[in-house]
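Take a look at the letters that make up each chain.
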Amino acid sequence: NNYRYAADVPLNMYEDYVLPYTTFDEQPEAWRTQFAKILAPFLNKDMSAKEAATSIQENIWTAFGEPPISFKSNQTPQVLSPSDVLSKRYGSCTGLSIFLVDAFRSCG
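Because the structure is a prediction, the values reported are computed rather than measured.

**Q** Could you clarify how one ought to interpret the nonpolar core in this entry?
**A** As a rule of thumb, soluble globular proteins bury nonpolar side chains together. Within the largest apolar cluster, 23 residues are counted, with the highest numbers of intra-cluster contacts made by Phe35, Leu39, Leu43 and Phe99. Residues in contact with Phe99, not counting those within four places in the same chain, are Phe35, Ile60, Trp61, Phe64, Ile69, Pro82, Val85 and Leu86.

Below is the structure:
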């Protein structure tokens, strides 16, 4: 990875928490490359992990275009995967949490 903070992640932690393509029981999808490309403008190689996480969290909801991704209650299990959230433009706590976790994973 091109980010300084990512180089500091121990291999076992990377394998357990960054590498997986699912968080809960959502359908596995190939979201990593798309997320990394879209979120790259919000990051720089010298950011700390905290700075990168803050930037991702602040920008993820509008980074994929309009309308912004928003919260809508009672959407689990209908809207869980990243593609569900992107197509519907909303999700409940579970779907949006998975979406944010996948954003973090895509960036290191």
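**Q** Would you mind going over a nonpolar patch on the surface with me for this structure?
**A** On the surface, Leu11, Tyr14 and Leu19 cluster together into a nonpolar patch covering about 280 Å² of accessible area. Mapping Leu11 onto the fold places it in helix H2 (residues 11–18).

**Q** Explain helix H6 (residues 93–106) to me, please; I cannot follow it from the model alone.
**A** In an α-helix, one turn spans 3.6 residues; hence positions three or four apart end up facing the same way. Between its first and last C-alpha, H6 extends 20 Å over 14 residues, near the 20 Å set by a 1.5 Å rise per residue. Among the residues of H6, those classed as buried are Gly95, Leu96, Ile98, Phe99, Leu100, Asp102, Ala103, Arg105 and Ser106. Positive backbone phi, at 125°, marks Gly108, one or two positions downstream of H6.

**Q** For this particular structure, what's the right way to read the packing of aromatic side chains?
**A** The description of an aromatic ring pair rests on the distance of the ring centres and on the angle between the ring planes. Applying the stated criterion across every chain, the model contains seven aromatic pairs. Aromatic pair Tyr3 and Tyr5: ring centres 5.5 Å apart, planes at 10°, arrangement stacked. For Tyr3, a relative accessible area of 14% gives the class buried. According to the relative accessible area criterion, Tyr5 is buried, its value standing at 12%. Joined through ring pairs, the aromatic side chains of Tyr21, Trp31, Phe35, Trp61, Phe64 and Phe99 make up one cluster. The cationic tip of Arg32 hangs over the ring face of Tyr21; the distance from NZ or CZ to the ring centre is 4.5 Å.

**Q** Got a minute to help me understand the environment of Phe104 in this structure?
**A** Mapped onto the elements of the fold, Phe104 is located in helix H6. Take Phe104: its relative accessible area is 33%, and that puts it in the partly exposed class. Sequence spacing of Phe104 and Val18 is 86 residues, and the spatial spacing of their C-alpha atoms is 8.0 Å. Setting aside anything within four residues of it in sequence, one finds Phe104 in contact with Ala53, Ile56 and Gln57.

**Q** Would you mind showing me how to read the packing of helix H3 (residues 32–39) against H6 here?
**A** Helix-helix packing is characterised by the crossing angle of the two axes and by the distance between the axes. The contact between H3 and H6 brings their axes to 8 Å, and the two run at 75°. Taken together, the axis directions place H3 and H6 in an arrangement best described as roughly perpendicular. Between H3, through Arg32, Phe35, Ala36 and Leu39, and H6, the contact on the second element is made entirely by Phe99, Asp102, Ala103, Arg105 and Ser106. Of the residues that constitute the contact of H3 with H6, the class distribution is five nonpolar, one polar and three charged.

**Q** Help me understand the pattern of salt bridges, please; the structure alone is not making it clear to me.
**A** Two side chains that carry opposite charge are able to pair once their charged atoms sit near each other. Inspection of the entire model under this criterion finds one salt bridge. For Asp102, the salt bridge identified is with Arg105, shortest N-O distance 3.9 Å. Placement of the pair is Asp102 and Arg105 together in helix H6, with a separation of three residues, close to one helical turn.

Calculation criteria
- Residues numbered from 1 in each chain as written.
- Predicted model: local features only at pLDDT ≥ 70, side-chain atom pairs only at ≥ 80, totals over all residues.
- Heavy atoms only, no water.
- Core = buried A, V, L, I, M, F, W, Y, C linked by side-chain atoms within 4.5 Å.
- Buried < 20%, exposed > 50% of the residue type's maximum accessible area, 1.4 Å probe, protein only.
- Contact = heavy atoms within 4.5 Å.
- Patch = residues over 30% accessible without salt bridge, like charges linked within 9 Å, V, L, I, M, F, W, Y side chains within 5 Å.
- Areas by Shrake-Rupley, 256 points an atom, 1.4 Å probe, with all protein chains shown as cover.
- Salt bridge = Lys/Arg side-chain N within 4 Å of Asp/Glu carboxyl O.
- Helix = DSSP H or I, 4+ residues; strand = E, 2+ residues; numbered from the N terminus.
- Expected span 1.5 Å × (residues − 1).
- Phe/Tyr/Trp six-rings, centres within 6.5 Å; stacked < 30°, edge-to-face > 60°.
- Lys NZ or Arg CZ within 6 Å of the ring centre and 35° of its normal.
- Axes fitted to C-alpha atoms, helices over the stretch in contact; angles between N-to-C directions.
- Parallel < 35°, antiparallel > 145°, perpendicular 65-115°, else oblique.
- Nonpolar A, V, L, I, M, F, W, Y, C, P; charged D, E, K, R; others polar.

Geometric descriptors of this kind do not, in isolation, establish any biological role.
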